[in-house]
Amino acid sequence: MQRAKPFAGGLGVSPNFFFSPKTGGERGFINSFVIRKHLVLYSPQRVAEMSLDLNKVAGQIEGMAADLKAEQKDKEAHLSHALEILRLKSNELDSLRKRIENSKTTWLVAGITNELTGSHKSRECPSDFAVIAVDGSHIDVDRHSAARCCLINIGSVVLRYGEKPDAALRSQPALYASRQDLTIADPLGSGEQALERDLLGIKRAVAEAEALAELCEGIPPQLPALALLDGSLIMWGLGGQAYPDYVKRELLENGFLQALNKIKEISQKTRVALASYISFPRSTDVVNALRVALCPYDPPDCDRNCSRSVPSSKKVCEAVDGVQDSAIFARVLGPGERSATFISRSSVVQKHYGDNEVRFFYLKGDEEIARVEFPRWAEERGLVDLIHTLILDQCRRGQGYPVALSEAHEQAVVTGSDREQFQYLVELALSEKRLPTATSAKSRSKKTRWI
Amino acid sequence: MSEKIGEVIEASTGQFVAECYELHSPPPLGSLVKTSDSDVEIYGVVCNAATESVDPGRRPIARGKEEATEEGIYRQHPQLSKLLRTTFDILVIGHAQGDELYHYLPPHPSRVHSFVYLCETDEVRRFTQSLDFLPILLGTKAVAVDEIASACLRQASCAHDDKRTFLVKAGKEVAVLLSGDLNRLNAILRRIRA
Amino acid sequence: MNEATPQGKRLGIVVGGSLTEGINVKLDSATPIEEMAVGRYVVIEGQKCRFFGMISDVTLGATNQQLTITPPDVSDPFIAEVIAGTGTYGVIHVGLRLTLSGDAMSILQGPQPVKTVPAHFSMVREASEADIERVFGQEDEKHFYVGTPLDMETKVCLDIPEFVKRSNGIFGKSGTGKTFFTRLLLIGMVQKKAAANLIFDMHNEYGWQVQSEEKRFVKGLKQLFPSKVAVFTLDEDSARRRGLSADYIVEIGSDEIEPEDIELLRETLNLTQPAVEAVYQFSRHFGEKRWLETFLKLDEAADIKDLLDKLSVHESSYRNLRRGLAKLSRLHFLVPHARENSVQRILEYLDRGINVVLEFGRYDDLTAYVLVANILTRRIYDKYRERKEAARGDEKAEPYPLVITIEEAHKFLNPAVSEQTIFGKIAREMRKYNVTLLVIDQRPSGIDDEVMSQLGTKVAYLLDNEKDIDSVLMGTSGKSELKTVLAKLEARQQALIFGHALPMPVVVKTREYGSAESYREFGFRDAAELKRKAEEDIKGLF
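Residues numbered from 1 in each chain as written. Chains lettered and ligands numbered in written order. Predicted model: local features only at pLDDT ≥ 70, side-chain atom pairs only at ≥ 80, totals over all residues.

**Student:** What should I look at first to understand the pairing of strand E23 (residues 506-510) of chain C in this one?
**Tutor:** The side chains of a regular strand alternate, residue by residue, between the two faces of the sheet. Residues and elements named next belong to chain C. When you tally the buried positions in E23, you get four out of five residues, the bulk of the element. Two elements, strand E8 (residues 143-149) and E23, share three bridges in a ladder whose sense is antiparallel. Bridge assignment links Gly-147 to a residue of E23, and that residue is Thr-510. Relative to E23, strand E22 (residues 494-499) runs antiparallel, the two sharing four bridges. In the sheet register, Gln-494 faces E23, and the bridge partner there is Lys-509. (Buried ≥ 20, exposed ≤ 12 C-beta atoms within 10 Å, placed from the backbone. Helix = DSSP H or I, 4+ residues; strand = E, 2+ residues; numbered from the N terminus. Pairing = 2+ DSSP bridges.)

**Student:** Which parts of the structure should I look at to understand the pairing of strand E9 (residues 271-279) of chain A?
**Tutor:** Residue and element names in this part refer to chain A. For E9, the buried fraction is high: seven of the nine residues fall into the buried class. As paired elements, strand E8 (residues 224-230) and E9 share seven bridges and run parallel to each other. From the neighbouring strand, Ala-225 faces E9, where its bridge partner is Val-272. On the question of chirality, the crossover connecting E8 to the parallel E9 by way of helix H7 (residues 245-269) is right-handed. Of the pairings in the sheet, the one linking E9 to strand E13 (residues 369-375) comprises four bridges and is antiparallel in character. Pairing of Ile-278 across the sheet is with Arg-371, part of E13. (Right-handed = clockwise from strand over helix to strand, strands pointing away.)

**Student:** What should I look at first to understand the packing of helix H11 (residues 273-286) of chain C against helix H14 (residues 315-326) of chain C in this one?
**Tutor:** How two helices pack is summed up by the angle between their axes together with the distance between the axes. All names here are of chain C. The interhelical angle for the contact between H11 and H14, taken along N-to-C directions, is 80°, at an axis separation of 8 Å. Taken together, the axis directions place H11 and H14 in an arrangement best described as roughly perpendicular. Within the contact between the two elements, H11 uses Pro-274, Ala-275, Ala-278 and Val-279 and H14 uses Ser-317, Tyr-318, Asn-320, Leu-321 and Gly-324. (Axes fitted to C-alpha atoms, helices over the stretch in contact; angles between N-to-C directions. Parallel < 35°, antiparallel > 145°, perpendicular 65-115°, else oblique. Contact = placed C-beta atoms within 7 Å.)

**Student:** Quick question: what am I supposed to make of the interface of chain C and chain B here?
**Tutor:** Note: interface size is frequently given as the accessible area lost on complex formation between the parts. Facing the 14 residues of chain C at the interface are 12 residues of chain B. Looking at the side of chain C that touches chain B, the elements with two or more residues in it are helix H1 (66-69) and helix H2 (77-83) of chain C. Partitioned by chemical class, the residues of the side of chain C that touches chain B number six nonpolar, six polar and two charged. (Nonpolar A, V, L, I, M, F, W, Y, C, P; charged D, E, K, R; others polar.)

**Student:** Explanation requested: the interface of chain B and chain A in the structure shown.
**Tutor:** Each partner contributes to the interface: chain B provides nine residues, whereas chain A provides 12 residues. Among the secondary structure elements, those contributing two or more residues to the side of chain B that touches chain A are helix H1 (70-76) and helix H2 (80-83) of chain B. Looking at the side of chain B that touches chain A element by element, the count peaks at three residues for H1(B). Considering only residue class, the side of chain B that touches chain A consists of two nonpolar, four polar and three charged.

**Student:** Is there a simple way to think about the environment of Glu419(C) in this case?
**Tutor:** All names here are of chain C. When you line up the elements, Glu-419 lands in the loop between helix H18 (415-418) and helix H19 (422-429). The class for Glu-419 is exposed, based on 11 C-beta atoms found within 10 Å. Sequence separation of Glu-419 and Asp-448 is 29 residues, and the distance between their C-alpha atoms is 9.2 Å.

**Student:** In this structure, what is going on with the sheet that holds strand E9 (residues 156-159) of chain C? I would like to understand it.
**Tutor:** In a beta sheet, neighbouring strands are held together by backbone hydrogen bonds and run either parallel or antiparallel to one another. Residue and element names in this part refer to chain C. Strand order in the open sheet formed by 12 strands is E9-E8-E23-E22-E21-E10-E20-E19-E11-E18-E14-E15, and the pairing between neighbours is mixed. Taken across any chain shown, the strands that pair with only one partner, and hence form the sheet edges, are E9 and strand E15 (248-249). Pairing analysis gives four bridges linking strand E10 (residues 168-171) to strand E20 (residues 435-441), with the strands arranged parallel. If you follow Phe-171 over to E20, its bridge partner there is Asp-441. Packing against the sheet, helix H6 (residues 178-192) makes contact with E8, E9, E10, strand E11 (196-201), strand E18 (355-359), strand E19 (402-406), E20, strand E21 (457-460), E22 and E23, and its axis sits at approximately 150° to E8. Packing of helix H16 (residues 366-391) onto the sheet brings it into contact with E11, E19 and E20, and relative to E19 it is tilted by some 170°.

**Student:** Looking at this structure, I do not really get the confidence of the model for chain C. What am I missing?
**Tutor:** Interpretation of the predicted coordinates at a detailed level should be avoided for regions scoring low in pLDDT. All names here are of chain C. Per-residue pLDDT for chain C averages 82, and the proportion of residues at 70 or more is 93%. Under a pLDDT of 50 for its full length, residues 1-5 has, in the predicted model, two contacts with residues more than four places off or in other chains. At the level of chain-chain contacts, confidence expressed as ipTM amounts to 0.78, with global pTM at 0.63. (pLDDT = per-residue confidence, 0-100.)

Next comes the structure, spelled out in structure tokens:
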């Protein structure tokens, strides 16, 4: 990691240069003072080399920070209000549940299970247990390369704790180069989709789940185990009309969900639980439930009642605007506690997931609030506490993030130089077979920066 | 034939680097090891050992504040033993072809992924019958070259029936080679006296 | 090189030096410096031949001068052992003497004087017993074992026939063992039948037994070789008291004393030069044979004055002379006319190869000694000269070789008188008339240089006077090295022997004798043994 050389003193530029474009005057002076502090990190030569002129953007960054500061006060008020509502409505769960079911909102509302404000302590960690985690990364198809191919790299980790501590870390790359690999074809022959960019990312998530399922097969029956994925279990990208049905079938029913089912079956004979961990969640499912609770209309119907012409200040639910679930539960939960379980009412989950209906709770770790998602069958089999306990344990071992996931990530990661090496190997293989390795002009111009 | 203790991961004419098969178990400093390049056996002296993260971008952090023992750390974080590796550096001081021993550098370096073996007592004794390798050992640019030379002689003396005679003989060779630098000579002699 | 015989221990290698100044040898690290003693022998294995030499100096060196300024910690035996011979080393300085080539010719000829130097880095080792024997010879009918070299058991042998071909000297401070060695040499000469000896025994040390320092009795020549030694004495009483029956009582007639004899006694009798001159006058006046007797009878009468005037002798000179010569009257062996011719008797014995020891009994002062030794030697020498000239080359008719042993030699041979005395003459003439000297002295600087240079072989015990050392070493090659060696001799029983009877100088611990075994080695058989031997011989006859 290259570090810029620090040097004493300023840049010899006058303070007035750094006028903030939004607000002038005194703020400009304060800005320049602060800017100077930041800019001492860079030596003059370094600044001249960069094509991103930080001098020019510094002011804008400062402005942003200032705005955020201003917003904070409002946020605080909204949060208090939200907490208030949460407390009030925790005794009126039935009515809220009914309201939510009947509501038609533009935003996603969490489903309530049997409580709203509950906080649960973790159980004692079992003496012997295992944690399996999978993460992946990919190299997308290079449009400017002579050979069309992409790479998915799956990193997996199995950690055993207790009497016989052990670890197995592994990474498994897979190259997708053939025509079948690189497309998803409609079995009815009506079309095909190229496996690249977002779709490739989804394909990767499927591969991760499949790898996870395979690893679960190796777990002994009596051993408590947690199978962990990074990010959300909800395949947002496949919701809506973004992709034709055959794509959804291939990747969701026959892909991701098939893997989840496999794990479900394994779980029936063993003590394996499945969950995913979302760090720093920005979800507002639960807050939106509070909005529903606040809404004067019954049932709430955003399109009808609050059309676009209605200013935001007139909407009652604005009172909790800008509040995230994590902020709420940061106040509600004690360290190590989890919230009540909620249901994801996203359309893709409700339409396709079945037994694997995604549920979630929020967990207060030492460092942050995390959102932990799990399938319904896990809750039905009473594995939520195990999930809670083991995830907390993993975070403790991993400086605030589940260590199995971070190790899996390390196994999966493809660095910039890895990427270059991969492209180099591809070109080498092609040239050995005397195939043209010409790349596009654009790619060449990107690779060599000339004057 | 002794068990292999490591594998060459870097090689050049004058030295090579090997990774241990067992974490935290490198051969002692100064011990004689050997590897091969086709029909030539290459002998070297262990001049450094290091345990570090497999991925150079990741560095170990202290984890044992709550632990009573060091084993406890590895029990709590079983992935650690897979993320660390122990390597050792070897200074080449001779080679053998067939039955002949030569106390100078081999014509070719060893190959990467060659196995590395710890030399047994008989081999050590046979190799150190002649002290002709001392100029290479003392003249190397390695850090703490005198420590390495002293360690090597101490290790080698254990293979001989009369330790003291061997050390005196070695000491005299060193005295001749380092006659111009008494501080070095004194330092080495103090480290090899029985 | 015979591989079967054990070679001496390896010491080091040649690193420099020259023929004249000696060779420098750097000692191996394994060779302890403190064992290198000046005077020991080393052999240098050159490329073509072997060199034989003696250590004459030992030096310390260091490869790095820093070592002498900040020495290493040698209290640690390990470091001390390592540094010895590597950082620090010893150098011995070797004086080359002989070469031994490997070819058959040289083996026959024996060691040759050295003419060149060994090549650089030639190996140097201790001389082995075999080496010493090859150089000095083994005990046989010519070689007599006189002692052992430093720290060795090999016998160093002196070539006795060669030894007696010239005059020789034995020197050393009193108490160093000269007398012991003289006795040893006399035994050797008797044993090897190389010459007949006439010993003027001032202190009665040679003929009969004497008490050694350890209060033991050491046998004298007569006891060891009764049939080959005759003891003459000037003092019968003394002999009888010591249990010795002398073979002859010697008397000297005053008619035998000549003015030259008195001249030799000038210092001893405290005579002035004019007094000595007066003797000649008196001799002329009173006649050769009677002058002394007459002189001694002279009264303190008036007619003396006339006589003195006539002879132009000053009165004070006369009184001086009278006082001096009065001492002679105390010598009871001095009679007006000897009843027998002592010289004749002596010669009879010498002719038969029987050695004569003349004891002085109680007359152990210089006057008696110088007087008697001089008179007798003069006479005997004259007789020898006559016989030798008469023989005219016919060996059988020549007189038996004679060695005359005198002590306090500087009295006879100092520069002032050496021209005139018979001893000076004998020394200078070498063996012209088959007579040589064996001089014994503790003040060799008192002896005339020319005489010293005529001595063939010298045996030097410890001398602490620089002048004495210089005079002993005069004219010898390799003088400076030998000087160091001589100055470092032990106080007793250690001597440096060099000269014509040895191929090269050697420092020896002189041979001991005094035990029954040692007597047997000389060939002495006591009565019981003789009887047994005789019986065996008789048995062998039949």
